[in-house]
Number of protein chains: 2
Amino acid sequence: MENYYKAHTKFYLAVDCIIFGFDEDGLKLLVVKRDFEPGKGQWSLVGGFLSQGENLDEAAQRILHKLTGLENIYLEQLATYGEPARDSAARVVSIAYYALISTTKFKENKSNRNACWYPLNGLPNLIFDHNQMVAKAILRLRRKAASRPIGFELLPAQFTLPQMQALYESIYQQQIDKRNFRKKILSMNILEKLPEKDMTGSKRGAYKYKFNPSKYNELLNNGYHFEIINNGKQ
Amino acid sequence: MENYYKAHTKFYLAVDCIIFGFDEDGLKLLVVKRDFEPGKGQWSLVGGFLSQGENLDEAAQRILHKLTGLENIYLEQLATYGEPARDSAARVVSIAYYALISTTKFKENKSNRNACWYPLNGLPNLIFDHNQMVAKAILRLRRKAASRPIGFELLPAQFTLPQMQALYESIYQQQIDKRNFRKKILSMNILEKLPEKDMTGSKRGAYKYKFNPSKYNELLNNGYHFEIINNGKQ
DNA sequence: CCAAAAGTGTTATGGATACACCCATGA
DNA sequence: TCATGGGTGTATCCATAACACTTTTGG
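Here's what I pulled together on the structure shown here. Just so we're clear, the structure is a prediction, and the values are computed from it rather than from any experiment.

1. Looking at the interface of chain A and chain B
Phase 1 of the analysis: The partner chain B presents 45 residues to the 46 residues of chain A that form the contact.
Phase 2 of the analysis: It is Tyr 5, Phe 11 and Tyr 12 of chain A that lose the most area in chain A upon contact with chain B, and together they represent 19% of the buried surface on that side.
Phase 3 of the analysis: One can count zero salt bridges joining chain A with chain B.
Phase 4 of the analysis: Listing elements by their share of the side of chain A that touches chain B, those giving two or more residues are helix 1 (3-6), strand 1 (10-23), strand 5 (76-81) and strand 6 (92-102) of chain A.
Phase 5 of the analysis: When its residues are assigned to classes, the side of chain A that touches chain B shows 21 nonpolar, 14 polar and 11 charged.

What follows is the structure in structure tokens.
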């Protein structure tokens, strides 16, 4: 029965979360100071060990919550890293997850002194293979962002078009023409214009919008394909 | 030091390989009959356990080789599956890999009676969550195929354009216009026309081509983006 | 009244699609 | 000679890209 299994080795399994944050200053990464050896005091992704009885997604949520207080974040699995020597202290295989949120969702404060946002350009050296994970996550985020409107998971469900455009510009690190961007996004008919304006970004104010999830899902189910940035080049 | 680690659970780690095969009959999947419990006698993906000292890619290669004799297959990591009850006998987390090869690379024979090709439409029920893995791999293959010429890993390094087109048609399950397909592929300048013809498919014969890897890599390095099928819909 | 960001249309270009006929050959 | 699959060119269309001025309002 189980005998066949018993002949094999078991491994530590970790989950590491690449949390991208977005605000007026662009894209940032959530990093923590490790408080245990090896690498105590070094920067690291938000991570922890898989426990008995939980699945991988649950582990990611739990670990993220425990270290940052963040809850109900849409995490997506990125890849699994298993170089024998990737962790200097023991053989640990790590499953990486990533998410994109508004930086406002996690406020650096005293009780969370060990976690903070770091601008994407100019990341510090992270422990183990974490920089490699981040690089891969950025590529994935770009691919993803090109084909569907991320942002659902973003901002307090309301946002202005200039904000949304700034998000895409920081993901792609390139300027986008205002008129073309608006044309494209609005032509999808998945946004609803709200009567209020957001006055924080300018004197004139910009109209707020919100996603219309039902229209969005309807399109998705009908096989519609979103292409916000034409990533011919990359 | 390692004390922090020791407090945590260890897990069995498996690798499962989704091997797509292509020939004149379309796409197929390589499946094996399990020869141990649980699920002895049922169909399963090519899989096995991770060993100490090898990384994930190496494990996938080793397991694939052991069960099928296949060597030097370009395997790509797909995703990791970790539902606590996915394996009925023990908690096993499985890292799925996939590849696309020519069915001629693996010939079913007496010594390999337990592994065989199965047409993609009309797969049997596979053990555990293996059907789910296959479904995900198909989607990934389509995305991949849309953005770069797969086929490098395909056929004895020589192929005809009708063959290549048939490959794309079976991946996408849709007809492609002959002229448009040729135009697109040839305009990339990554194929070399060979003087010989392949006479197996027709009386007239079709010219053989081969990839020119150096031109291909040159383009890749220059940031060129391949788009063979415009997957506006899916 | 001025600075700063929001908002708005049109044109040109290029890639994607649609489409039909001749060619070579083995049987 | 004919049936079968291989090979070729062009016209239309639509999505993308480029581009500049007016509007609003807080200071």
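Moving on from the coordinates now.
2. Notes on the sheet that holds strand 9 (residues 191-198) of chain B
Phase 1 of the analysis: Here three strands make up an open sheet; going across it, the order is 8-10-9 (chain B) and the pairing antiparallel. Of all strands in the sheet, those bounded by a partner on one side alone are strand 8 (159-160) and strand 9 of chain B.

3. Focus: the packing of aromatic side chains
Phase 1 of the analysis: What the rule picks out here adds up to 18 aromatic pairs over all chains.
Phase 2 of the analysis: Between the aromatic rings of Phe 159 of chain B and Phe 211 of chain B, the centroid separation amounts to 5.2 Å while the plane-to-plane angle is 50 degrees, which identifies the pairing as tilted. With Phe 159 of chain B in strand 8 and Phe 211 of chain B in strand 10 (residues 206-211), this pair connects stretches of sequence that are 52 residues apart. Here the two residues Phe 159 of chain B and Phe 211 of chain B agree in accessibility, since each one is buried.
Phase 3 of the analysis: Every member of this aromatic cluster is reached through a ring pair, and the members are Tyr 4 and Tyr 5 of chain A together with Tyr 12, Phe 36 and Phe 49 of chain B.
Phase 4 of the analysis: A cation over a ring is seen here: Lys 197 of chain A above Tyr 207 of chain A, with NZ or CZ 4.8 Å from the ring centre.
Phase 5 of the analysis: The ring of Tyr 207 of chain B carries the charged tip of Lys 193 of chain B above its face, separated from the ring centre by 4.3 Å.

4. What to know about helix 4 (residues 161-172) of chain A
All names here are of chain A.
Phase 1 of the analysis: For helix 4, built from 12 residues, the straight-helix expectation of 16 Å at 1.5 Å per residue is met to within 8% by its first-to-last C-alpha distance of 17 Å.
Phase 2 of the analysis: Within helix 4, nine of the 12 residues are buried, which leaves it mostly tucked inside the rest of the structure.
Phase 3 of the analysis: Within the sequence span of helix 4, burial applies to Leu 161, Met 164, Gln 165, Leu 167, Tyr 168, Glu 169, Ser 170, Ile 171 and Tyr 172.
Phase 4 of the analysis: Where helix 4 ends, the next residue or the one after it, Gln 173, has phi of about 55 degrees, a positive value.

5. Describing the packing of helix 4 of chain A against helix 5 (residues 178-187) of chain A
All names here are of chain A.
Phase 1 of the analysis: Where helix 4 contacts helix 5, the two axes come as close as 11 Å, and the packing angle between them is 105 degrees. Taken together, the axes of helix 4 and helix 5 lie roughly perpendicular to each other. Contact residues: helix 4 offers Leu 161, Pro 162, Met 164, Gln 165 and Tyr 168, while helix 5 offers Lys 178, Phe 181, Arg 182, Ile 185 and Leu 186.
Phase 2 of the analysis: Here the residues of the contact of helix 4 with helix 5 are counted per class, giving seven nonpolar, one polar and two charged.

6. Concerning the environment of Tyr 98 of chain B
Residues and elements named next belong to chain B.
Phase 1 of the analysis: You can see Tyr 98 is positioned in strand 6 (residues 92-102).
Phase 2 of the analysis: Separated by 76 residues in sequence, Tyr 98 and Phe 22 have C-alpha atoms that sit 14 Å apart.
Phase 3 of the analysis: Those residues within four positions of Tyr 98 in sequence are excluded, and the remaining contacts are Ile 18, Phe 20, Tyr 74, Leu 75, Glu 76, Gln 77, Leu 78, Ala 137, Arg 140, Leu 141 and Lys 144.

7. Section: the side chain of Gln 165 of chain B
All names here are of chain B.
Phase 1 of the analysis: Tracing the backbone through its elements, the reader meets Gln 165 in helix 4 (residues 161-172).
Phase 2 of the analysis: The exposure class of Gln 165 is buried, given its relative accessible area of 8%.
Phase 3 of the analysis: Excluding anything up to four places from it in sequence, Gln 165 contacts Ile 176, Asp 177, Lys 178 and Phe 181.

8. As for the state of the cysteines
Residues and elements named next belong to chain A.
Phase 1 of the analysis: Following the criterion strictly, the structure yields zero disulfides over all chains and no others.
Phase 2 of the analysis: Looking at Cys 17, it has no disulfide partner, and the nearest cysteine sulfur is the one in Cys 116, 16 Å off.
Phase 3 of the analysis: Looking at Cys 17, the relative accessible area reads 0%, which means it is buried.

9. Let's talk about the protein's contact with DNA strand D
Phase 1 of the analysis: Close contacts around DNA strand D come from 19 residues, with Arg 204 of chain A together with Lys 178, Arg 182, Lys 183 and Arg 204 of chain B the closest.
Phase 2 of the analysis: When the atoms of DNA strand D within 4 Å of the protein are grouped by moiety, sugar and phosphate amount to 39% of the total.
Phase 3 of the analysis: Between Arg 179 of chain A and DNA strand D, the recorded distance is 3.2 Å, taken from a side-chain N or O atom to a base nitrogen.
Phase 4 of the analysis: At a separation of 3.0 Å, a base nitrogen of DNA strand D approaches a polar side-chain atom of Asn 180 of chain A.
Phase 5 of the analysis: Taken together, the residues that form the surface near DNA strand D break down as three nonpolar, five polar and 11 charged.

10. Description of the relation of the copies chain A and chain B
Phase 1 of the analysis: Rotating chain A by 180 degrees and moving it 0.1 Å along the rotation axis overlays it on chain B with an RMSD of 0.1 Å. Such a turn and shift between the copies fits a two-fold axis.
Phase 2 of the analysis: Taken together, the interface assignments show that 98% of the residues at the interface of chain A recur at the interface of chain B, consistent with an identical surface on both copies.

11. Quick look at the pairing of strand 5 of chain A
All names here are of chain A.
Phase 1 of the analysis: In terms of burial, strand 5 is a largely internal element, six of the six residues being buried.
Phase 2 of the analysis: Pairing of strand 5 with strand 6, which is carried by five bridges, proceeds in the antiparallel orientation. Looking at the pairing, Gln 77 lines up with Tyr 97 of strand 6.

12. Description of the protein's contact with DNA strand C
Phase 1 of the analysis: Close contacts around DNA strand C come from 19 residues, with Lys 178, Arg 182, Lys 183 and Arg 204 of chain A together with Arg 204 of chain B the closest.
Phase 2 of the analysis: Within 4 Å of the protein, the contacting atoms of DNA strand C are 42% sugar and phosphate, with bases supplying the remainder.
Phase 3 of the analysis: Side-chain polar atom of Lys 178 of chain A to a base oxygen of DNA strand C: 2.8 Å apart, as the coordinates give it.
Phase 4 of the analysis: Put simply, the parts of the chain that give the surface near DNA strand C at least two residues each are helix 5 and strand 10 (206-211) of chain A together with helix 5 (178-187) of chain B.
Phase 5 of the analysis: Across the surface near DNA strand C, the residue classes break down as three nonpolar, five polar and 11 charged.

Here is what the cut-offs are and how they apply
- Residues numbered from 1 in each chain as written.
- Chains lettered and ligands numbered in written order.
- Predicted model: local features only at pLDDT ≥ 70, side-chain atom pairs only at ≥ 80, totals over all residues.
- Heavy atoms only, no water.
- Contact = heavy atoms within 4.5 Å.
- Buried area = accessible area lost by both parts, 1.4 Å probe.
- Salt bridge = Lys/Arg side-chain N within 4 Å of Asp/Glu carboxyl O.
- Helix = DSSP H or I, 4+ residues; strand = E, 2+ residues; numbered from the N terminus.
- Nonpolar A, V, L, I, M, F, W, Y, C, P; charged D, E, K, R; others polar.
- Pairing = 2+ DSSP bridges.
- Phe/Tyr/Trp six-rings, centres within 6.5 Å; stacked < 30°, edge-to-face > 60°.
- Buried < 20%, exposed > 50% of the residue type's maximum accessible area, 1.4 Å probe, protein only.
- Lys NZ or Arg CZ within 6 Å of the ring centre and 35° of its normal.
- Expected span 1.5 Å × (residues − 1).
- Axes fitted to C-alpha atoms, helices over the stretch in contact; angles between N-to-C directions.
- Parallel < 35°, antiparallel > 145°, perpendicular 65-115°, else oblique.
- Disulfide = S-S within 2.5 Å.
- Near = heavy atom within 4 Å.
- Polar contact = N/O pair within 3.5 Å; in protein donor to acceptor, adjacent residues only side chain to side chain.
- Least-squares fit on C-alpha atoms with pLDDT ≥ 70 in both.

Honestly, it's all geometry; don't read function into it.
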